[in-house]
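Each chain, written out:
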Amino acid sequence: MPNIALELGKQSTSFGVTAAYGEQQDVDGVRIVPVALVWAGYGGGSDEQGNGGGGGGGYTLPLGAYIRRGDDLRFDPNLVSLLAVGIPFVWVAGRALSRVIRVLKK
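Here goes a summary of the coordinates provided. (Residues numbered from 1 in each chain as written. Predicted model: local features only at pLDDT ≥ 70, side-chain atom pairs only at ≥ 80, totals over all residues. Heavy atoms only, no water.)

## Some words on the overall build of the protein
Selection criterion: Only DSSP runs of H or I covering at least 4 residues are called helices, and only runs of E covering at least 2 are called strands; the numbering of each starts at the N terminus. For each residue, the accessible area found with a 1.4 Å probe, counting protein chains only, is set against the maximum for its type, and the residue is called buried under 20%, exposed over 50%, and partly exposed in between. The contact criterion used is simple: two residues touch if any of their non-hydrogen atoms lie within 4.5 Å. Here the accessible surface of atoms and residues is derived via Shrake-Rupley with a 1.4 Å probe, and residues count as covered only by protein chains that are part of the display.
Scanning the protein from N- to C-terminus turns up three helices and four strands. Put simply, the protein runs from its N terminus to its C terminus through helices and strands in the order α-α-β-β-β-β-α. With 106 residues in all, the protein has 8% of them scored as buried. Sequence-distant contacts in the protein: of pairs separated by 6 or more residues, those separated by 24 or more amount to 33%. Carbon and sulfur atoms make up 61% of the accessible area of the protein, which totals about 8,700 Å².

## Notes on the sheet that holds strand E4 (residues 72-77)
Basically, it comes down to this: Strands were regarded as paired on the criterion that DSSP finds at least two bridges between them. Only C-alpha atoms enter the line fits that serve as axes; for helices the fit covers just the stretch in contact. Angles between N-to-C directions range over 0 to 180 degrees.
Reading across from one edge, E1-E2-E3-E4 is the order of the four strands in this open sheet, with antiparallel pairing throughout. Of all strands in the sheet, those bounded by a partner on one side alone are strand E1 (25-27) and E4. Averaged over all adjacent pairs, the angle separating strand axes in this sheet is 30 degrees, with direction ignored. Where E1 meets strand E2 (residues 30-46), three bridges bridge the pair, whose relative direction is antiparallel.

## A few points about the environment of alanine 84
Topologically, alanine 84 is positioned in helix H3 (residues 79-105). By relative accessible area, which is 49% here, alanine 84 ends up partly exposed. The sequence separation of alanine 84 and leucine 61 amounts to 23 residues, and the corresponding C-alpha distance is 9.6 Å.

## Points about the pattern of salt bridges
Rule in force here: Every case where a carboxyl oxygen of Asp or Glu lies within 4 Å of a side-chain nitrogen of Lys or Arg is listed as a salt bridge.
Tallying each qualifying case throughout the model produces two salt bridges. In this structure, the salt-bridge partner of aspartate 76 is arginine 74, at a minimum N-O distance of 2.5 Å. You can call aspartate 76 partly exposed: its relative accessible area is 25%. Taking the relative accessible area as the measure of exposure, arginine 74 reaches 32% and is therefore partly exposed.

## Notes on the pairing of E2
The antiparallel hairpin formed by E1 and E2 contains two residues in its connecting segment, where aspartate 28 sits at a positive phi of about 50 degrees. Relative to strand E3 (residues 52-69), E2 runs antiparallel, the two being bridged by 16 bridges. Following the sheet pairing, glycine 45 is matched in E3 by glycine 53. The turn linking E2 back onto E3 is made up of five residues, and glycine 50 within it adopts a positive phi angle of 90 degrees.

Distances and angles like these do not, on their own, reveal function.
Printed below as a string of C-alpha cells:
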C-alpha cells in the first residue's frame, strides 16, 4: 500500500499558484487571467491493526480577474463573491463591536 502522505505531498506541490491563478484567456484582443482564493485540508490516520483511512476537501472563492487591454492592466473584482464574503464579515464585526462596547460600559 503506498504511503498516502507522500502521494498527497506529490500532488499538492502543483496546487498553489496554479489553483489561485487560472490560465490566461484571450478574448477579442483582451487578455484575462482569473484569480481565486483557494484553500484545502487533508487528514488521515490508522490503528495498530493496520486499519486506516483519510480524506480531504477544499474550497475556492472566485475573486475576480486581471484584464489587460494593450498597455492597460487592471483588476476587476467579482462583485457577487465580494458581497458573499463582505456581508457576513460586516455582520460579525458589528456584532463583536457591539459586545465590546457593552462590556466596556460596565
